[in-house]
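The residues making up each chain are set out below.
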Amino acid sequence: MAISEAAPRGAPADGGGSASSLPGLEHPLLHAYDYEPRKEDPDAAAAGDDDREAQSFGPDPGGGASFVRTCFNGLNALSGVGLLSIPYALSEGGWLSLALLLVVAAVCCYTGLLLQRCMAASPAVRGYPEIGELAFGRGGRLVASAFLYAELYLVAIGFLILEGDNLDKLFPGTSLSLGPRGGAVVTVSGRQLFVVLVALVILPTTWLRSLGVLAYVSASGVLASAVVVVCVLWAAVADGVGFTARGRMLKVSGLPTALGLYTFCYCGHAIFPTLCNSMKEKKKFSRVLVICFAACTLNYGSMAILGYLMYGDDVKSQVTLNLPEGKLSSKLAIYTTLVNPFSKYALMVTPLAAAVEERLLAAGNKRRSVSILIRTLIVASTVVVALAVPFFGHLMALVGSLLSVMASMLLPCVFYLKIFGVARCGRAEVALIAAIIALGSLVAATGTYSSLKKIVHEF
C-alpha cells in the first residue's frame with residue numbers, strides 16, 4: 001500500500017492526532033455511539049480516484065451496500081472457520097473459559113465501535129491504515145498495515161488447510177497423476193491435492209471488487225455456519241454420538257490457547273473499515289456491529305457446548321474430524337463447512353490484493369488484467385504456505401493470539417486514545433480501555449508463546 005509522507009487531511013501536520021484540530025471529536029464514544037455521517041471533502045474525493053478505491057474496495061456501483069447486505073458481510077467476516085475450532089478451544093480452557101468467550105466478544109464489539117468513531121474523525125480516513133496514520137503519522141500507518149495484512153494472509157492460509165483436511169476425510173485415498181506417458185509422473189494425493197483444487201475454485205471469487213455483489217456470496221457462508229451447528233447436534237442426537245463427555249471445569253495451562261482461539265473467532269476488525277465505507281448509511285454501522293457480534297456469539301457458544309459435551313478432551317482442532325464417518329450428518333456438516341471458506345476467502349484476500357495494486361499499479365487500460373494477475377499470485381502463495389504448514393489448530397491459535405489481538409484489541413484502543421486524547425474521554429472510558437489493553441497484552445504474550453511452542457513441537 002502506498003505510504004504518504006504527509007499527514008492525512010484533517011490530521012495535524014506532525015501526525016500527532018491532536019483532538020482540537022480534528023472534526024467530529026467533540027464527544028467521547030461512550031457518550032454517543034451513533035454519529036452523523038461526515039461530509040465528504042471535495043478535494044479528498046477528487047484525489048481519491050483509483051488508489052482510494054483500491055484500498056477500500058471502492059464504492060459500490062449502486063451507491064453503496066444496504067444495511068442488510070452489510071450485515072451479511074459482517075456476519076460472514078466474523079462467523080467462519082473459528083466455529084470449527086471453538087469446541088477445541090473450550091477443551092483447552094475448560095467449562096469456565098466460556099465466560100472468557102463472552103468477555104472477548106464484548107471487548108471486540110466495543111473496539112469495533114472505537115474504529116468506527118476513529119473513521120468519523122476525518123474524511124481522509126478510508127481504511128485501517130489511515131486510522132493508524134491519523135493517530136501516529138507514517139509510523140502508525142506502517143504498523144497498522146503490517147498487522148492487518150499479516151492477519152488476513154494467515155487467515156486465508158487457514159481456510160485452505162481447513163478445506164484440504166475436510167475434503168481428505170470426505171474422499172480418502174484420492175490422488176492425481178500428472179505427466180506424459182512414458183515420462184516422469186508426479187502424483188499429488190490427499191490433503192495436498194485438495195488444497196490445490198480448492199484454491200483453483202476459489203480464485204475467481206477474488207476477482208470481484210464490489211462488496212454489494214460479494215454480499216450474495218457472504219449470505220451462503222452465514223447459512224453454512226448455522227447448518228454446521230445443526231449437523232453436529234444431529235450427529236449427537238440421531239447418530240448415536242450422544243452427550244457423554246463431562247469435560248473439565250478449568251484447565252489453567254490451556255487458557256492461553258483458548259483465549260487465542262476465542263479472539264480468532266472475532267478477528268473481523270481488519271475489514272470493518274471497508275464494510276463501513278461500503279454502506280449507503282454509514283451512521284448505522286454501529287447497529288451492524290451489535291447484530292453481528294450477538295448472532296455470532298450465540299452460534300459460537302452453541303457449537304462450543306455441543307462439541308465439548310460430545311467429545312470432551314478428545315475433540316480435535318476441527319470438530320468435523322471427530323464426526324462418525326459414513327453418516328449423513330457428518331457428510332452434510334463437512335459439505336457445508338466447505339462452503340464457508342469459499343465465501344470468506346475473497347473477503348479476506350481482497351484488502352491485501354487492493355493494497356498491492358495501489359502500490360504497484362498506475363491507472364491505465366491494462367489495470368484490470370494486471371489486477372487479476374496480482375490476485376492470482378497471492379492465492380498461489382497461500383497455497384504454498386498451506387502445504388508447508390498443515391497445523392490448523394495451532395496456526396489459528398497463533399493468528400488469534402498475536403495478530404488478531406493486535407488488530408482487534410490493542411491497536412483500536414491505542415489509536416482511539418491518541419486521536420481523541422485522554423482528556424476528552426471520561427475516566428470510566430479510559431479505565432475500560434486500559435483494562436482492554438492489559439487483557440490484550442496478556443493474551444498476546446502467553447498465547448503467542450504457547451502456539452509457537454506447539455508448532456515447533458509438531459515440526
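In case you missed it, the structure is sitting above this.
Predicted model, so just to flag it, every value in this text is computed and none were measured. (Residues numbered from 1 in each chain as written. Predicted model: local features only at pLDDT ≥ 70, side-chain atom pairs only at ≥ 80, totals over all residues. Heavy atoms only, no water.)

A. The arrangement of the overall build of the protein in detail. Each helix and strand in the protein was counted, giving 14 helices and 2 strands. Here the protein holds 459 residues, and the buried ones make up 57% of them. Within the protein, counting contacts between residues at least 6 apart in sequence, those at least 24 apart form 85% of the total. (Helix = DSSP H or I, 4+ residues; strand = E, 2+ residues; numbered from the N terminus. Buried < 20%, exposed > 50% of the residue type's maximum accessible area, 1.4 Å probe, protein only. Contact = heavy atoms within 4.5 Å.)

B. Region of the structure containing the packing of helix α4 (residues 98-119) against helix α8 (residues 255-265). It is the contact of α4 with α8, at a shortest axis distance of 9 Å, that shows an interaxial angle of 40°. If you check the angle between α4 and α8, you find them oblique. Pair α4 / α8 crosses with right-handed handedness. Mapping the contact onto sequence places Leu98, Leu100, Leu101 and Val104 in α4 and Leu255, Leu259, Tyr262 and Thr263 in α8. (Axes fitted to C-alpha atoms, helices over the stretch in contact; angles between N-to-C directions. Parallel < 35°, antiparallel > 145°, perpendicular 65-115°, else oblique. Left-handed = near helix turned anticlockwise from the far one by under 90°.)

C. Up close: the environment of Gly112. Checked against the element boundaries, Gly112 lands in helix α4. C-alpha of Gly112 to C-alpha of His269: the two residues are 157 residues apart in sequence and 6.3 Å apart in space. Residues contacting Gly112, with those up to four places away along its chain left out, are His269, Phe272 and Leu289.

D. Focus on the packing of α4 against helix α5 (residues 128-170). Two elements in contact, α4 and α5, have axes separated by 10 Å at closest approach and are oriented at 70°. Taken together, the axis directions place α4 and α5 in an arrangement best described as roughly perpendicular. Crossing of α4 over α5 shows left-handed handedness. The segment α4 lies against α5, with Leu115, Cys118 and Met119 engaging Tyr128, Ile131 and Leu134. Looking at the contact of α4 with α5, its residues break down into 6 nonpolar, no polar and no charged. (Nonpolar A, V, L, I, M, F, W, Y, C, P; charged D, E, K, R; others polar.)

E. Seen up close, helix α6 (residues 190-202). Here α6 spans 19 Å end to end across 13 residues, near enough to the 18 Å set by a 1.5 Å rise per residue. Three or more residues of α6 are buried, namely Gly190, Arg191, Leu193, Phe194, Val195, Val198, Ala199 and Ile202. (Expected span 1.5 Å × (residues − 1).)

F. Highlighting the environment of Ile131. One can find Ile131 in helix α5. Sequence separation between Ile131 and Met119 is 12 residues, and the spatial gap between their C-alpha atoms is 6.7 Å. Once residues within four sequence positions are removed from consideration, Ile131 is found in contact with Leu115, Cys118, Met119, Val125, Pro273, Phe415 and Ile419.

G. Fine view of the side chain of Thr336. Structurally, Thr336 is set in helix α11 (residues 328-360). Classification of Thr336 as buried rests on a relative accessible area of 13%. At a separation of 3.0 Å, a polar atom in the side chain of Thr336 contacts the main-chain carbonyl oxygen of Ala333. Setting aside residues no more than four positions away along its own chain, Thr336 makes contact with Ala224, Val227 and Val228. (Polar contact = N/O pair within 3.5 Å; in protein donor to acceptor, adjacent residues only side chain to side chain.)

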